Amino acid sequence: MPTGSEQPDPQPAETVRQLQALATTAGAAALTRAAELLAARTDAVTALSRLRAEVGVELAGPAWGTARQREKARPVFGADTDLLLFTGDTLEQAGRPALADRRAQRLLAGGAGSVADLGCAAGTDTVALARAGARVVAVDRDPVARTLTRLNAAALGLTGVAVQDADVVDLVAAAADGRVAGCDAAVLDPARRARGRRLLDPDRWSPPWSTVAALLDRVPQCVVKVAPGLDHDRVPPGVEAEWVSVGGSVVEALLWGRAPSATWRRATVVGRDGGVAELTADADPGTAPDGPVRAWLHEPDPAVIRSGLVAVAGEQLGATLVDPTIAYLTSDAPATSPWVSSYPVTDVVPFNLKKLKALLRAAGVGRVVVKKRGSPIEPEELARRLRGPGDRSAVVVVTRVAGAPTVLVCGPMAPAG
């Protein structure tokens with residue numbers, strides 16, 4: 001359990017003990033008091049001193065640490081936040097509840113009544129599945145993850161959740177007749193970090209790629225969370241790959257088992273208002289045609305790029321690529337589309353810093369946002385060097401056009417819709 005930046009993380013057994021203590025009546029009172037001190041913006045030293053005096057040394061640090069984690073979690077977990085327990089690591093790894101609900105609904109649409117949550121962490125998927133009506137077997141070798149899942153499910157009043165200490169590799173190896181761990185369906189979220197660093201090689205995930213492939217092969221009703229940068233060549237035939245973005249950033253990538261799979265690739269864009277738009281293709285659309293830069297530049301959403309569906313979006317918009325190797329589209333009109341952000345193009349010039357600065361000064365531009373694709377420049381550094389006395393702003397896109405280093409000077413993004 002986090003106890004503030006001034007204290008080291010305790011060992012798993014001690015973390016479990018602290019979590020169990022916080023789940024008691026005394027622990028709940030300590031958490032309430034810690035939240036009050038945090039809301040009053042009491043500094044950590046003073047807050048911990050007061051908590052030790054009021055709730056005891058054993059509960060003070062864990063309560064303060066949890067209150068801080070809850071404050072970070074509140075924008076995502078909403079009304080559930082004050083019922084949930086987190087550690088720093090599990091909060092960082094926890095998926096967004098709205099996306100977990102969406103996954104659960106799709107997975108259970110095929111009629112599965114029981115689901116194995118393979119690698120349950122803090123229990124985000126377990127909660128979503130149980131709320132959707134499934135009986136859930138939550139599996140993890142980490143005692144902290146098991147404790148968090150058990151306590152969080154109980155705090156939310158969810159029944160039908162069993163927590164097991166088992167090896168996911170062994171469970172998947174023993175899967176038969178489309179079932180794993182005695183369940184009709186499964187969610188698998190391999191650990192993709194070690195010692196604070198991302199593991200780019202899927203064979204080094206825990207469990208490794210061999211287990212991911214085995215689950216997709218043996219349990220048709222399943223979904224696996226994978227790294228957004230997963231090589232498309234890894235996706236088995238008949239398995240739908242989906243990339244999901246929220247607010248312009250890819251937040252998850254999913255491989256759907258052969259039962260729920262409905263297409264070849266899917267890009268899902270979740271807007272800031274919670275609205276969802278989906279772009280799909282039943283087969284590889286290939287590369288969009290390229291052509292000269294026209295009046296508008298369109299920047300595809302990262303989910304569209306990652307899913308390989310830029311050509312599909314381009315066809316819908318009547319747009320072409322500015323370069324066959326660059327994911328920027330261009331057309332004669334702005335796009336009222338969730339798949340792209342549109343910018344009016346004012347100038348197209350070869351990349352030359354001196355001439356670019358002169359062009360911006362002449363136009364009265366003093367503030368720029370720099371975007372790049374296919375260029376080694378550092379956007380922040382270039383934006384600093386282009387800053388000037390003008391009161392206008394512009395978007396400067398450094399890229400390649402027909403293979404040549406080029407700068408596109410653009411106006412502000414067109415309003416959505």
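Everything that follows concerns the structure shown earlier in this document.
Model, not experiment: these values are computed from the prediction.

Rules behind the numbers
Residues numbered from 1 in each chain as written. Predicted model: local features only at pLDDT ≥ 70, side-chain atom pairs only at ≥ 80, totals over all residues. Heavy atoms only, no water. Salt bridge = Lys/Arg side-chain N within 4 Å of Asp/Glu carboxyl O. Helix = DSSP H or I, 4+ residues; strand = E, 2+ residues; numbered from the N terminus. Buried < 20%, exposed > 50% of the residue type's maximum accessible area, 1.4 Å probe, protein only. Arc of directions from axis to C-beta. Contact = heavy atoms within 4.5 Å. Pairing = 2+ DSSP bridges. Axes fitted to C-alpha atoms, helices over the stretch in contact; angles between N-to-C directions. Phe/Tyr/Trp six-rings, centres within 6.5 Å; stacked < 30°, edge-to-face > 60°. Lys NZ or Arg CZ within 6 Å of the ring centre and 35° of its normal. Disulfide = S-S within 2.5 Å. Core = buried A, V, L, I, M, F, W, Y, C linked by side-chain atoms within 4.5 Å.

## Here we look at the pattern of salt bridges
Evaluated as defined, the whole model comprises 27 salt bridges. Linking Arg-106 and Glu-240 is a salt bridge whose minimum nitrogen-to-oxygen distance equals 2.7 Å. Placement of Arg-106 in helix H6 (residues 97–108) and of Glu-240 in strand S8 (residues 240–246) is noted, with a sequence separation of 134 residues between them. Using a relative accessible area of 0% as the deciding quantity, one classes Glu-240 as buried. Where Glu-299 meets Lys-371, a salt bridge forms, and the shortest distance between an N and an O atom there is 3.2 Å. Of this pair, Glu-299 sits in strand S12 (residues 296–300) while Lys-371 sits in strand S16 (residues 365–372), and the two are 72 residues apart along the sequence. Within this structure, Arg-102, Arg-106, Glu-240, Glu-242, Arg-266 and Glu-278 form a network of salt bridges that share partners.

## Re helix H1 (residues 12–22)
Taken residue by residue, H1 has Thr-15, Val-16, Gln-18, Leu-19 and Leu-22 as its buried positions. In an axial view of H1, the angular spread of the buried residues amounts to 165°, which keeps them on one side of the axis. Next to the buried residues of H1 lie helix H2 (25–39), helix H4 (57–77) and helix H8 (143–155).

## Notes on the sheet that holds strand S10 (residues 265–270)
The 9 strands lie next to each other as S3-S2-S1-S4-S7-S9-S8-S10-S11, forming an open sheet whose pairing is mixed. Looking at which strands have only one partner, the edges of the open sheet turn out to be strand S3 (161–164) and strand S11 (276–281). Sheet twist, expressed as the average angle between the axes of neighbouring strands with direction ignored, equals 20°. Where S10 meets S11, 6 bridges bridge the pair, whose relative direction is antiparallel. Within the sheet, the bridge partner assigned to Ala-267 lies in S11 and is Leu-279. Its contacts with the sheet put helix H10 (residues 209–218) on strand S1 (114–118), strand S4 (185–188), strand S7 (222–226) and strand S9 (249–256), and the angle it makes with S7 is roughly 155°.

## A short note on the sheet that holds strand S13 (residues 320–323)
A sheet is described by the order of its strands in space; here 7 strands give the open sequence S13-S14-S12-S15-S18-S17-S16, paired in mixed fashion. Whereas interior strands pair on both sides, the edge strands pair on one side only; in this sheet they are S13 and S16. Across the sheet, the mean angle from the axis of one strand to that of its neighbour is 45°, orientation sign disregarded. Sheet contacts for helix H12 (residues 310–317): S12, S13, strand S14 (326–331) and strand S15 (340–350); angle to S14, the most-contacted strand, approximately 5°. Along the sheet, helix H13 (residues 353–362) makes contact with S15, S16, strand S17 (392–401) and strand S18 (404–410), crossing S18 at roughly 15°.

## Some thoughts on the pairing of S9
Note: S7 against S9, 4 bridges, orientation antiparallel. Its bridge partner being in S9, Val-223 is matched across the sheet by Trp-256. Pairing of S8 with S9 involves 7 bridges; the strand directions are antiparallel. The residue bridging Glu-242 from the neighbouring strand is Leu-254, located in S9. Between S8 and the antiparallel strand that follows it, S9, lie 2 residues; Gly-247 among them carries a positive phi value of about 60°.

## With respect to helix H7 (residues 124–131)
Burial within H7 is extensive, with 7 of its 8 residues counted as buried. If you check which residues of H7 are buried, you get Thr-124, Asp-125, Thr-126, Val-127, Ala-128, Leu-129 and Ala-130.

## Description of the environment of Asn-152
With respect to the helices and strands, Asn-152 occurs in helix H8. Along the chain, Asn-152 and Leu-83 lie 69 residues apart, while their C-alpha atoms are 7.3 Å from each other. Each residue touching Asn-152, except ones within four places of it in the same chain, is listed here: Leu-83, Leu-84, Leu-85 and Ala-122.

## Structural notes on unusual backbone geometry
For the peptide bond that leads from Ser-206 to Pro-207, omega is 0°, which places it in the cis range. Tracing the sequence through the fold places Pro-207 in the loop between strand S6 (197–198) and H10. At Asp-177, a position not held by glycine, the phi torsion is positive, near 55°. One can find Asp-177 in the loop between helix H9 (168–173) and S4. Of note in this structure, Ala-402 is not a glycine but carries a positive phi near 55°.

## Things to note about the packing of aromatic side chains
Counted according to the given criterion, the structure contains 2 aromatic pairs. Aromatic pair Phe-77 and Phe-86: ring centres 5.2 Å apart, planes at 65°, arrangement edge-to-face. With respect to class, Phe-77 is no different from Phe-86; both count as buried. With 6.1 Å between their ring centres and 70° between their planes, Trp-205 and Trp-209 make a pair best called edge-to-face. Residue Trp-205 shares its accessibility class with Trp-209, and that shared class is buried. Sitting over the ring of Trp-205, Arg-192 keeps its end group 6.0 Å from the ring centre. Taking the ring centre of Tyr-328 as reference, the NZ or CZ of Arg-373 above it sits at 4.5 Å.

## Regarding the state of the cysteines
Under the definition given, this model contains 0 disulfides. Counting only cysteine sulfurs, Cys-120 is the nearest neighbor of Cys-183, a cysteine outside any disulfide, at a range of 13 Å. Not engaged in a disulfide, the cysteine Cys-222 finds its nearest cysteine sulfur in Cys-183; these two sulfurs lie 13 Å apart.

## Looking at the nonpolar core
Counting residues in each nonpolar core, the largest one holds 51 residues, and the members touching the most others are Leu-118, Leu-215 and Leu-255. No other element matches the 5 residues that H10 contributes to this core. Dropping the residues within four chain positions of it, Leu-118 is found in contact with Val-139, Val-168, Leu-171, Val-172, Ala-186, Val-187, Leu-188, Asp-189 and Leu-215.

The values are spatial; any link to function lies outside them.
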